[in-house]
Amino acid sequence: MNSPSHLEVREGADINLYNQILIPLYGADIRDSVVQYGLSLAETYDAALHVLYIQDEERTEVESDQVTKQEEWDAAAVIEPVVDQAHSLGLNVIPAVDSGHSPGVIREYAEENDIDLLVHQKPTQTRLARILRRDVSSHIIQNISLPVLTIPDMDPSDPVGELSTSQFTDILVPTDGYDEASVAFKHGLQIAKRYDATLHGLFIISEQSYSSRPGFTWEEVTDSWEQRGTRLLEDITEKAATLDVPVRTTLSFGQPQQEILKYTEVTDIDLVTMGTRGLTGIRRLLQGSVAAQVIEEADYPVLTINRRTAELKKHPYIFLRKTNQNRKSRIY
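Owing to the predicted nature of the structure, the values given are computational and were not obtained by experimental measurement. In this numbering scheme, every chain counts its residues from 1 along its sequence in written order. Only residues with pLDDT of 70 or above have their local features reported here, since the model is predicted, and side-chain atom pairs are shown and tallied only from 80 upward, although totals for entire chains, interfaces and linings are computed over all residues. The side-chain figures draw on all heavy atoms in the structure; neither hydrogens nor water molecules are used.

Undergrad: Please explain the packing of helix α1 (residues 32-45) against helix α6 (residues 179-195) as it appears in this structure.
TA: What describes two packed helices is the angle between their axes and the distance between those same axes. Only the stretch in contact is used when a helix axis is fitted, and all axes are lines through C-alpha atoms; the angle between N-to-C directions ranges over 0 to 180 degrees. Working definition: helices are DSSP H or I runs of at least four residues, strands are E runs of at least two. Numbering for both runs from the N terminus. In contact at an axis separation of 11 Å, α1 and α6 are set at 75° when each is read in the N-to-C sense. Between α1 and α6, the angle falls in the class roughly perpendicular. For the pair α1 and α6, the contacting residues are Ser40, Leu41, Thr44 and Tyr45 in the first and Gln190, Ile191, Arg194 and Tyr195 in the second. Any residue that is not Ala, Val, Leu, Ile, Met, Phe, Trp, Tyr, Cys, Pro, Asp, Glu, Lys or Arg is counted as polar, Gly included; the first ten are nonpolar and the last four charged. Among the residues forming the contact of α1 with α6, the class breakdown is 4 nonpolar, 3 polar and 1 charged. Each angle gets one of four labels, with under 35 degrees taken as roughly parallel, over 145 as roughly antiparallel, 65 to 115 as roughly perpendicular, and the rest as oblique. Between two residues, a contact is recorded if the distance between any of their heavy atoms is within 4.5 Å.

Undergrad: Help me understand the packing of aromatic side chains in this model?
TA: By convention here, two paired aromatic rings are described through the distance between centres and the angle between planes. Working definition: a ring pair exists when centres of Phe, Tyr or Trp rings (six-membered ring for Trp) sit within 6.5 Å. Plane angles under 30 degrees give stacked, over 60 give edge-to-face, the rest tilted. Inspection of every chain in the model, using the stated rule, returns 4 aromatic pairs. Between phenylalanine 203 and tryptophan 225, the ring centres sit 6.1 Å apart and the planes meet at 35°, which makes this aromatic pair tilted. In this pair, phenylalanine 203 sits in strand β7 (residues 198-205) while tryptophan 225 sits in helix α8 (residues 218-242), placing the two residues 22 residues apart along the sequence. The pair formed by phenylalanine 203 and tryptophan 225 is uniform in burial state, with each residue classed as buried. What links up through ring pairs into an aromatic cluster is the set Tyr37, Phe168 and Tyr195. Under the scheme applied here, a residue whose accessible area is under 20% of the maximum for its type counts as buried, over 50% as exposed, and between as partly exposed, the area being computed with a 1.4 Å probe on protein chains only.

Undergrad: Looking at this structure, I do not really get the sheet that holds strand β3 (residues 93-99). What am I missing?
TA: Through backbone hydrogen bonds, the strands of a sheet pair up, either in parallel or in antiparallel fashion. We treat two strands as partners when DSSP finds at least two bridges between them. A sheet is described by the order of its strands in space; here 10 strands give the open sequence β3-β2-β1-β4-β5-β10-β9-β6-β7-β8, paired in mixed fashion. Of all the strands in the sheet, just β3 and β8 (247-253) have a single pairing partner and so form its edges. Strand after strand, the sheet turns through a mean of 25° between neighbouring axes, direction not considered. In this sheet, strand β9 (residues 271-276) lies alongside strand β6 (residues 170-174) in parallel orientation, the contact comprising 2 bridges. Bridge pairing in β9 links isoleucine 171 to leucine 271. Here α6 sits on the sheet and contacts β6, β7, β9 and β10 (302-306); the angle it forms with β9, its principal contact strand, is near 160°. Sheet contacts for helix α11 (residues 290-297): β5 (148-151), β9 and β10; angle to β9, the most-contacted strand, approximately 155°.

Undergrad: What am I meant to see in the pairing of β6 here?
TA: Every other side chain in a regular strand lies on the same face of the sheet, so the side chains alternate between the two faces. With respect to burial, β6 is a largely interior element, 5 of its 5 residues being buried. Of the two faces of β6, the one holding Asp170, Leu172 and Pro174 and the one holding Ile171 and Val173 are both buried throughout. Relative to β7, β6 is paired through 5 bridges, and the arrangement is parallel. Across the sheet, the residue bridging to leucine 172 is histidine 200, located in β7.

Undergrad: What should I look at first to understand the confidence of the model for the chain in this one?
TA: Do not read the fine detail of predicted coordinates wherever pLDDT is low. For the chain, the average pLDDT comes to 78, and 70% of its residues sit at 70 or higher. Of all secondary-structure elements in the chain, the lowest mean pLDDT belongs to helix α13 (residues 316-331), at 40, while β6 reaches the highest, 97. The predictor reports its confidence for every residue as pLDDT, a score running from 0 up to 100. Segment residues 1-6: pLDDT under 50, and 19 contacts once partners within four positions in sequence are set aside and those in other chains are kept.

Undergrad: Whenever I open this one, the packing of helix α9 (residues 256-267) against α11 confuses me. Can you help?
TA: Viewed as axis vectors pointing N to C, α9 and α11 meet at an angle of 40°, and their least axial separation amounts to 9 Å. Two packed elements cross with a definite hand, and for α9 against α11 that hand is right-handed. Where α9 approaches α11, its residues Pro256, Gln257, Ile260 and Leu261 are matched on the opposing element by Val290, Gln293, Val294 and Glu297. Taken together, the residues that form the contact of α9 with α11 break down as 5 nonpolar, 2 polar and 1 charged. The crossing is said to be left-handed when, going from far helix to near helix, the turn is anticlockwise and less than a right angle, and right-handed when the turn is clockwise.

Undergrad: Sorry, what's going on with unusual backbone geometry here?
TA: The phi dihedral of aspartate 46 is positive, around 50°, even though this residue is not glycine. Counting through the fold element by element, aspartate 46 comes out in the loop between α1 and β2 (48-55). Here aspartate 46 falls in the exposed class, since its relative accessible area comes to 68%. Non-glycine residue aspartate 244 carries a positive phi angle of around 55°. As for its placement among the helices and strands, aspartate 244 is situated in the loop between α8 and β8. Residue aspartate 244 is classed as exposed on the basis of its relative accessible area of 65%.

Undergrad: Quick question: what am I supposed to make of a negative patch on the surface here?
TA: Patch building starts from residues that exceed 30% relative accessible area and form no salt bridge, then joins like charges within 9 Å and nonpolar side chains (Val, Leu, Ile, Met, Phe, Trp, Tyr) within 5 Å. The method behind every accessible area is Shrake-Rupley, applied with a 1.4 Å probe, and residues are considered shielded solely by the protein chains displayed. Any carboxyl oxygen of Asp or Glu that lies within 4 Å of a side-chain nitrogen of Lys or Arg is treated as forming a salt bridge with it. Charged residues are defined narrowly, with Lys and Arg counted positive, Asp and Glu counted negative, and His plus the chain ends left uncounted. Note that the charge is assigned to NZ on lysines, CZ on arginines, CG on aspartates and CD on glutamates. A surface patch of like charges, here negative, comprises Glu219, Glu220, Asp223 and Glu226. Note that glutamate 226 resides in helix α8.

Undergrad: Just to check I follow, could you spell out the pattern of salt bridges for this structure?
TA: Pairing between side chains becomes possible if they bear opposite charge and their charged atoms approach one another. Going through the model one piece at a time under the given rule, you end up with 3 salt bridges. One salt bridge connects arginine 307 with glutamate 180, and the closest N-O pair in it is separated by 3.4 Å. With arginine 307 in helix α12 (residues 307-314) and glutamate 180 in helix α6, this pair connects stretches of sequence that are 127 residues apart. Between glutamate 259 and lysine 262 there is a salt bridge, and its shortest N-O distance comes to 3.3 Å. Placement of both glutamate 259 and lysine 262 in helix α9 is noted, with a separation of 3 residues, approximately one turn of the helix. Judged by relative accessible area, glutamate 259 falls into the buried class, the value being 12%. Classification of lysine 262 as partly exposed rests on a relative accessible area of 46%.

Undergrad: Any chance you could explain the environment of serine 252 here in plain terms?
TA: Within the secondary structure, serine 252 sits in strand β8. Under the relative-accessibility criterion, serine 252 is labelled buried at 12%. Spatially, the C-alpha atom of serine 252 lies 9.3 Å from that of glutamate 226, the residues being 26 residues apart in sequence. Pairing of N or O atoms within 3.5 Å defines a polar contact, subject to two protein rules: one partner must be a possible hydrogen donor and the other a possible acceptor, and residues neighboring in sequence count only if both atoms are side-chain atoms. A polar side-chain atom of serine 252 sits 3.4 Å from a polar atom in the side chain of glutamate 259.

So, in C-alpha cells, the structure goes:
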C-alpha cells in the first residue's frame, strides 16, 4: 500500500488563513466560549465576523405573523450582544438570520459568503445519541467543506482584546500524512506562527496499522510505520523551522484517540488541529472517528479538516467537478 510521506505547505509566513469567520447561533442555547473564541480569532486575523442566527425549523402551530414577530425579537436578543462586542473591538461584523435544517443553512451561507472558518459549539450528546439523532455538530464536522473549530463549554484562557493573541500557546497536530492531516498541519503551523505558539507533531502507531498490511509480521509493519512516522515528523520540524515556529515531535504506540488525549493532558495543549476521514454505517456506530472521540473528551478547542475540505484545498478543480456532477444528478 502506497502511503504519503511528505507534508506540503505552499504558503509563506504572511498568509492570512481566515478572512471570513462564521459563528452559527441556535436559539437561546448560546455558549459564551464560542462567541469569545470567534471574536478573538476575528480580531487576531482582522477577519470579518459573520453571526448567523438559525431559527428552529419546527415552529409552533400559531399564526405566521405572531411567529415571525416573536422570532425577530428572539434573534435580536441573541445577536445584538455579540454585535456590540464585535464593534467594541473594531471588527467588521455581519449579522444574519435564517431558518431551516441547520447543516443545510450553514453550508449555503458559507458558500455564498466565502467563509474560511466555522466556529462551532461542542456537541452535548453522547456519541451514540449523536449517531441516532443525527446531531447537527457531528454532521457539520464530517460533511461541510470548511475547517471547523469546535469549542467546548469553557472560558477562553484570555479575554478578547489586548491579550487575545496569547490565547493559543501549545498546538498539537496529530498526523498520518494523508490529505486531511496535511491540510490540518498547514492550519496548525500557520496558527502557531500567528500566535507565537509551540507546535507539537504527533505520529501514532496502532494495531490498525498492522491490519492495513496483510501478509506482513508485526515487526515488519512496526518498522515500516516507524520509518514513515520519522519522515513525517522530520518534515514537520523542517516546515516549522522555515517559519521560525518552535516545534516538538513525538512518535508513540497505542490507540490514536487515547494517545492524543494523554499527550494533550501531559503537555497542556490548548488547541488540536487534526484531519478526520469519518466513518459511516456500522463502523461509525461501533468505533466512531478518532476526531469525534477526541472532541467528545476534550476540554480545549479542536480544529478539524474533513475529506471534502482537504479535496477542495488540495485538488480544487477535481473537487468542484465532482460537486457539479452530484448537483446535476439530484436535479434529474
